[in-house]
Amino acid sequence: MRLSDSDHDGPSSGTPDLSVQAGPSSLNGSSDGLIGTNGHTNGFAPVTNGNSGMGAAIGNGVAKHGKSIAKVTLPGTALYDDSFVDREEFVRLVIQSLRDVGYVESAATLEAESGYTMESPEVSLFRQYILDGMWAKAEAALGRLGVQDKEGLWDAKFLISRQKYLELLEARKPTAALQVLRNELAPLNVDPDQLHTLSSLIMCAEPEDLRRRAGWDGAFGESRRQLLDILHDYIPSAIMIPQRRFSTLLQQAKAYQRQRCIYHNSTLNSSNFSLYSDHRCNKADFPKITTTILDMHTDEVWNIEWSHDGTYLASASKDKSAIIWRRGPSTDPSASPYDQWAPHLTLREHPYPVGCLCWSLDDAILLTSTEQYLKMWNTKTGVLIRTLDEHTETVTAISWLPDGTGFISGGLDRKIIIWDADGNVRDSWSPTGIRITDLSVTPDFTRLVAVGMEHSSSFPSVPESNQVRGAQPDTSATGGNGPSSSVGSRVAHRMMVFDLATKQTELSIRLEADLTSVQTSQDSRYALINHAPNEIQLRDLNTGQIACRYEGQTQGRHVIRSCFGGIDSNFVVSGSEDSNVYVWHRESGILLEVLSGHGEGSVNSVAWNPTNERMFASCSDDRSIRIWEAPPPGAYTVERLSPEPSKLAPSSTVEKGEEKTRQRTDTNGALRNASFGSTRL
């Protein structure tokens with residue numbers, strides 16, 4: 001907005017004096033930066049650097065330290081000759097930013113030198129009307145600020161009248177508030193339910209009750225400033241610049257750079273984000289080095305799960321046991337920069353191989369599944385708390401509820417059962433239309449996503465309109481809780497999304513391929529699904545559409561489980577039947593890493609440490625679990641924890657191993673520097 005001869009002072013009684021503190025710029029002086037009769041100038045104080053006055057204005061500028069600041073006239077309107085940025089917009093945003101951080105005099109100087117002012121006196125007055133609660137004047141100013149759309153004008157008036165109504169109730173003036181409700185709010189065609197909600201607030205006996213029920217912090221809180229922020233949406237931005245606009249643009253640039261940084265795995269803050277250069281994470285800091293090999297299991301390891309505090313890792317094996325591993329600081333930091341690992345508990349009372357694992361939110365209980373049975377374990381003592389047998393076929397999924405009140409399980413018997421924290425059945429759904437192979441509850445506790453094989457009596461065998469285009473028929477059907485699929489007749493699989501509160505189906509999509517795992521994103525919007533053959537899909541839970549595909553790994557016969565990883569869940573990680581671990585950039589689908597090291601057989605499951613963004617684990621048919629971390633500045637070593645043959649027999653007592661032996665290098669040439677006996681139950 002240019003300074004012109006037509007710019008005049010606004011009423012001094014309604015204009016805030018912002019001369020001594022940071023805040024929105026305002027135009028309260030006369031044109032071209034000259035001092036007006038009320039002692040204010042274009043958004044800056046008449047007093048500078050301790051002087052009582054700024055002196056007389058000379059020519060086309062403003063006096064400063066006895067010197068005149070002349071207006072600079074530049075050719076064109078663009079910031080640079082080859083730039084798309086409008087110079088006036090840029091300068092006005094700079095003026096706003098200078099004032100926001102406290103450089104009020106500098107902002108005034110820039111206004112005088114450029115000939116641009118941040119905003120008109122009318123905008124400054126409107127801001128102050130809102131902040132001072134001068135509601136009639138604020139409403140009258142809306143039309144003069146360019147709010148021409150009828151619906152927009154009504155919405156803005158409703159917001160102002162609502163604030164006025166709530167403040168009158170807070171001041172215990174119910175009669176005046178009722179008049180506002182009848183004469184100002186009701187004529188604005190307010191939704192009846194919303195009007196009813198507002199009218200019910202009259203019954204609030206105390207201001208505290210009013211603020212709580214209205215979700216509003218009162219006239220002396222931030223509600224007026226929040227109202228002003230909302231009203232920005234109805235006033236043209238060229239007239240009233242949104243608050244901290246430059247900061248918003250920089251945040252957008254930061255988000256864009258984070259998105260472009262495909263190895264991004266660090267918190268962006270003032271220490272590692274600079275305006276001087278684009279942000280890039282170092283590829284060398286990615287967790288791609290095996291630092292520990294845990295190989296105490298005597299058969300294939302099918303699943304792993306971290307405790308919520310990231311201190312323990314639980315593993316499930318075909319050897320009918322689950323092991324809880326504990327990590328801690330190295331006792332000899334000079335020898336290894338990595339944590340040391342030790343077996344904490346070995347849980348053996350499983351009649352069949354162990355398929356699923358789940359930690360309670362406080363990490364006090366570990367759930368394991370063995371065929372149709374669920375077992376609850378005390379993670380401190382290893383004591384079996386309870387065995388649950390409500391399922392009639394293999395349990396394929398367990399998930400602790402986000403509110404911590406219990407857990408949910410699903411199985412090939414098509415049952416979904418909700419349990420309380422003590423293992424009592426709280427609710428049991430009617431058999432679903434699919435033999436469930438995995439399920440996940442969204443973190444916002446609103447949806448349940450399940451994948452599995454269609455039950456023949458639940459869905460027609462003919463193709464449906466929502467079948468994924470290009471999907472190929474598959475002749476395998478997932479069976480059992482291990483990593484293998486049993487070959488059978490052609491079976492269609494389906495992804496289903498349920499409303500947790502009503503149990504109603506929100507989404508149902510048929511896929512002619514095995515679906516072996518599902519995990520929901522932290523924002524509760526997406527589901528990550530392993531889809532045979534050889535594909536992982538990221539699906540939007542609102543539309544069911546594929547947001548991204550991840551390809552390169554091998555999956556056709558076994559149950560492979562993937563996960564999100566990294567500080568912002570911006571990686572997708574999965575095992576593969578070719579013995580490798582695959583890592584993709586989540587948003588772009590770019591394959592970043594193929595990590596080798598596991599022996600022959602499938603890598604069945606991966607899990608990213610929830611408290612350490614530079615650590616994840618993988619488990620394999622080779623009977624081992626690998627801990628992957630970022631390489632240290634120098635050389636690295638790999639620790640291997642192996643079983644002692646004499647201590648592999650089931651036992652009900654705690655056994656303490658003491659042996660330490662040096663090991664040879666593994667197949668990757670990494671050093672295995674120790675092999676420990678175990679402490680197990």
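By the naming in an unreviewed UniProt entry, the chain goes by WD40 repeat-like protein and is assigned to Gymnopilus junonius.

Here we come to the overall build of the chain. When its secondary structure is counted, the chain shows 10 helices and 37 strands. With 681 residues in all, the chain has 51% of them scored as buried. Residue pairs at least 24 apart in sequence account for 55% of intrachain contacts in the chain once pairs closer than 6 positions are excluded. Surface accessibility of the chain: about 30,700 Å² in total, with carbon and sulfur atoms responsible for 49%.

With that out of the way, let us pick up the side chain of Ser409. The topology assignment puts Ser409 in strand β13 (residues 406-411). Within the local environment of Ser409, its side chain forms a polar contact with the side chain of His391, the two groups lying 2.8 Å apart. Once residues lying within four places of it in the same chain are set aside, the contact partners of Ser409 are Leu374, His391, Val395, Ala397, Ile398, Lys415, Ile416, Ile417, Trp419 and Leu439.

Mean pLDDT over the chain: 81, with 77% of residues reaching 70 or higher. Under a pLDDT of 50 for its full length, residues 2-61 has, in the predicted model, 140 contacts with residues more than four places off or in other chains. In this model residues 485-489 is a low-confidence stretch, pLDDT under 50, and it forms 13 contacts with partners more than four residues away in sequence or in other chains.

Let's shift gears to the packing of helix α4 (residues 135-142) against helix α5 (residues 150-170). Viewed as axis vectors pointing N to C, α4 and α5 meet at an angle of 175 degrees, and their least axial separation amounts to 10 Å. On the basis of their axis angle, the class for α4 and α5 is roughly antiparallel. Where α4 approaches α5, its residues Trp135, Ala138, Glu139 and Leu142 are matched on the opposing element by Leu153, Ala156, Lys157, Ile160, Ser161, Gln163, Lys164 and Glu167. The residue makeup of the contact of α4 with α5, split by class, is six nonpolar, two polar and four charged.

In this section: the UniProt feature "repeat: WD" (unreviewed entry) in the chain. Sites flagged by UniProt as "repeat: WD" (unreviewed entry) map to residues 294-325, 388-420, 568-594 and 600-629. In the segment residues 294-325, helix accounts for 0% and strand for 53%; the C-alpha atoms at its two ends are 9 Å apart. In residues 600-629, the share of helix is 0% and the share of strand is 57%. The end C-alpha atoms are 22 Å apart.

A word on the pairing of strand β17 (residues 447-454). Judged by how many residues are buried, β17 sits mostly within the fold: eight of eight residues are covered. In this sheet, β17 lies alongside strand β16 (residues 434-441) in antiparallel orientation, the contact comprising seven bridges. Within the sheet, the bridge partner assigned to Ser440 lies in β17 and is Val449. Hairpin geometry of β16 and β17 is characterised by an intervening segment of five residues between the two adjacent antiparallel strands and by a positive phi of about 65 degrees at Phe445. Bridging between β17 and strand β20 (residues 493-499) involves seven bridges; their strand directions are antiparallel. For Arg447, the partnering residue across the bridge sits in β20 and is Asp499.

Attention now moves to the packing of aromatic side chains. Scanning the model with the defined rule gives 14 aromatic pairs in all. The interplanar angle of 20 degrees and the centroid separation of 4.9 Å between the aromatic rings of Trp608 and Phe616 together place this pair among those described as stacked. The rings of Tyr263, Phe286, Phe571, Trp608, Phe616 and Trp628 are connected pair by pair, giving a single aromatic cluster.

The four strands lie next to each other as β8-β9-β10-β11, forming an open sheet whose pairing is antiparallel. The two strands at the open ends of the sheet, each matched to only one other strand, are β8 (357-359) and β11 (384-388). Recorded for the sheet is a direction-independent mean angle of 20 degrees between the axes of neighbouring strands. Relative to β11, strand β10 (residues 373-378) runs antiparallel, the two being bridged by four bridges. Across the sheet, the residue bridging to Lys375 is Thr387, located in β11.

A complete count under the given rule lists zero disulfides for this structure. No disulfide involves Cys281; its sulfur sits 3.9 Å from that of Cys261, the nearest cysteine.

Right, let's get into the nonpolar core. Phe126, Ile130, Tyr165, Leu201 and Leu231 are the most contacted members of the largest nonpolar core, which has 36 residues in total. Among the elements of the structure, α3 (121-132), α4, α5, α6 (174-185), α8 (207-214) and α9 (223-231) are those that each provide at least two residues to this core. The element that contributes the greatest number of residues to this core is α5, accounting for eight residues. Other than its neighbours up to four places away in sequence, Tyr165 contacts Ala177, Val180, Leu181, Leu185, Leu198, Ser199 and Ile202.

When the terminal C-alpha atoms of α5 are compared, their 30 Å separation across 21 residues agrees well with the 30 Å that a helix rising 1.5 Å per residue should span. With a side-chain oxygen lying 3.4 Å from the backbone nitrogen of Glu151, the N-terminal cap of α5 falls on Asp149. In the segment just after α5, Arg172 is the residue with positive phi, at about 60 degrees.

Before going further, it helps to examine the sheet that holds strand β14 (residues 416-420). Strand order in this open sheet of four strands is β12-β13-β14-β15, and the pairing throughout is antiparallel. Here the strands that pair on one side only, and so sit at the sheet edges, are β12 (395-400) and β15 (425-428). Looking at each pair of strands side by side, their axes are set apart by 20 degrees on average, direction ignored. Relative to β13, β12 runs antiparallel, the two sharing five bridges. Within β13, the residue paired with Ile398 across the bridge is Ser409.

Another point: the packing of α3 against α4. Relative to each other, α3 and α4 sit at 145 degrees, their axes nearing to 8 Å. Read as a crossing pair, α3 and α4 show a hand that is left-handed. Contact residues: Glu122, Phe126, Tyr129 and Ile130 in α3; Trp135, Lys137, Ala138, Ala141 and Leu142 in α4. A class-by-class count of the residues in the contact of α3 with α4 yields seven nonpolar, no polar and two charged.

Thresholds, definitions, all that
- Residues numbered from 1 in each chain as written.
- Predicted model: local features only at pLDDT ≥ 70, side-chain atom pairs only at ≥ 80, totals over all residues.
- Heavy atoms only, no water.
- Helix = DSSP H or I, 4+ residues; strand = E, 2+ residues; numbered from the N terminus.
- Buried < 20%, exposed > 50% of the residue type's maximum accessible area, 1.4 Å probe, protein only.
- Contact = heavy atoms within 4.5 Å.
- Areas by Shrake-Rupley, 256 points an atom, 1.4 Å probe, with all protein chains shown as cover.
- Polar contact = N/O pair within 3.5 Å; in protein donor to acceptor, adjacent residues only side chain to side chain.
- pLDDT = per-residue confidence, 0-100.
- Axes fitted to C-alpha atoms, helices over the stretch in contact; angles between N-to-C directions.
- Parallel < 35°, antiparallel > 145°, perpendicular 65-115°, else oblique.
- Nonpolar A, V, L, I, M, F, W, Y, C, P; charged D, E, K, R; others polar.
- UniProt positions renumbered as here; feature names shortened; annotations may be inferred.
- Pairing = 2+ DSSP bridges.
- Phe/Tyr/Trp six-rings, centres within 6.5 Å; stacked < 30°, edge-to-face > 60°.
- Disulfide = S-S within 2.5 Å.
- Core = buried A, V, L, I, M, F, W, Y, C linked by side-chain atoms within 4.5 Å.
- Expected span 1.5 Å × (residues − 1).
- Left-handed = near helix turned anticlockwise from the far one by under 90°.

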